[in-house]
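Inside the fold
Listed here are the chains, written in short residue letters.
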Amino acid sequence: MAKEDLMIQPIVQLGPVIITNTVVTTWVIMALIWLLAWLVSRRLQIDPGPVQTAVEGVVSGIEEAIKEVAPREARRIMPFIGSLWIFLTIANLIGLVPGLHSPTRDLSATAALAIIVFLSTHWFGIRIQGLRSYLRHYMIPSPLLLPFHLISEVTRTVALAVRLFGNMMSLEMAALLILLVAGFLAPVPILMLHIIEALVQAYIFGMLALIYVASSIQSQQLRQHEPATEEGENHA
């Protein structure tokens, strides 16, 4: 690993559009996910084999994690959160392949992912609650808090992008420094560190995205539950 490997390298330039190695790697990951999904889904069986069993285990694990946070709308948001988790896991681990680097070490890639989470949060909230009901939650508990709600929407999106970028870039820099000092005497610890950190960061990013989406969905449901609870207590 050389110092130049940490830099984002342009591959092709089409006028003002520059296609970097981050973009190419991202396209490869998306094509790989699509191909694997197609291969697995076209041969589903009632009596699953080892591959189908493993895939069903992953899907069930993701579904259970989503149900813990948003039990009512788990099926609606599972395609988005599940795809995000799978993409991030592969994207973070692909740096272990010689000649390839994780696209999440590029701030532009993590910023794009954070923007997708930002837009999806509002999209799910508006689709499930309705535009007026969704916008109303920014005025609760007081309209005076509206500026703070808006600021928090921006800051948490920026934090989401910077957190993933910083951790993945620092991981590759740490691996570079260790290799420069110890040579190839410590490849296994570096490999284990990379795998653990990549999985942890994918989980954290996906879980934060899940929490943001769930909060936008459940704010209206909680407000609807409160009057029903109060009415039940009054009758009692």
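For the structure, see preceding data.
The structure contained in this document is the topic of the report that follows. (Residues numbered from 1 in each chain as written. Predicted model: local features only at pLDDT ≥ 70, side-chain atom pairs only at ≥ 80, totals over all residues. Heavy atoms only, no water.)

Here we come to the layout of surface pockets. Estimates place the volume of the largest pocket at around 1000 Å³. Within the residue set of the lining of the largest pocket, elements represented by two or more residues are α1 (21–41), α2 (50–69), α3 (74–93) and α4 (107–129). For the lining of the largest pocket, the element with the highest residue contribution is α1, accounting for 10 residues. Grouping the constituent residues of the lining of the largest pocket by class yields 24 nonpolar, 9 polar and 2 charged. (1 Å grid on protein atoms, 1.4 Å probe; cavity = no way out; pocket = protein on both sides within 12 Å on 5 of 7 lines; lining within 4 Å. Points joined across faces, edges and corners; volume = space filled by probe spheres on them. Helix = DSSP H or I, 4+ residues; strand = E, 2+ residues; numbered from the N terminus. Nonpolar A, V, L, I, M, F, W, Y, C, P; charged D, E, K, R; others polar.)

This part covers the nonpolar core. Judged by nonpolar contacts, the single largest core of 33 residues is most densely connected at Ile66, Ile77, Leu84, Leu88, Val117 and Phe205. At the level of elements, α2, α3, α4, α6 (146–182) and α7 (187–235) are the ones that each hand at least two residues to this core. The element best represented in this core is α3, accounting for 10 residues. In contact with phenylalanine 205, other than residues within four places in its own chain, are Leu84, Leu88, Leu113, Ala114, Val117, Leu160 and Leu164. (Core = buried A, V, L, I, M, F, W, Y, C linked by side-chain atoms within 4.5 Å. Buried < 20%, exposed > 50% of the residue type's maximum accessible area, 1.4 Å probe, protein only. Contact = heavy atoms within 4.5 Å.)

In this section: the packing of aromatic side chains. Using the criterion set out here, one finds 5 aromatic pairs in the structure. Summarising the aromatic geometry, the rings of phenylalanine 80 and phenylalanine 124 are spaced 6.1 Å apart at their centres and angled 45 degrees between planes, so their arrangement reads as tilted. With a gap of 44 residues between them, phenylalanine 80 in helix α3 and phenylalanine 124 in helix α4 connect regions that are remote in the sequence. In textbook terms, an aromatic cluster arises when at least three aromatic residues are bridged by ring pairs, as seen for Phe80, Trp123 and Phe124. Between the NZ or CZ atom of arginine 156 and the centre of the ring of tyrosine 212, over which it lies, the distance is 4.2 Å. (Phe/Tyr/Trp six-rings, centres within 6.5 Å; stacked < 30°, edge-to-face > 60°. Lys NZ or Arg CZ within 6 Å of the ring centre and 35° of its normal.)

A few words now on α4. With 23 residues, α4 should cover 33 Å at 1.5 Å per step; its first-to-last C-alpha distance of 33 Å lies within 8% of that length. Listing the buried residues of α4 in full gives Ala109, Thr110, Leu113, Ala114, Val117, Ser120, Thr121, His122, Phe124, Gly125 and Gln129. Glycine 130, located one to two residues past α4, shows a positive phi value of around 95 degrees. (Expected span 1.5 Å × (residues − 1).)

On to the pattern of salt bridges. Between side chains of opposite charge, pairing is possible as soon as their charged atoms come close. This model, assessed by the stated rule, comprises 4 salt bridges. Between arginine 76 and glutamate 73 there is a salt bridge, with its nearest N and O atoms 3.5 Å apart. What makes arginine 76 partly exposed here is its relative accessible area of 45%. Of the residues examined, glutamate 73 reaches a relative accessible area of 13% and is grouped as buried. For glutamate 153, the salt bridge goes to arginine 156, with nearest N and O atoms at 3.2 Å. (Salt bridge = Lys/Arg side-chain N within 4 Å of Asp/Glu carboxyl O.)

Turning our eyes to something else, we now look at the environment of valine 28. With respect to the secondary-structure elements, valine 28 resides in helix α1. Sequence spacing of valine 28 and alanine 91 is 63 residues, and the spatial spacing of their C-alpha atoms is 9.8 Å.

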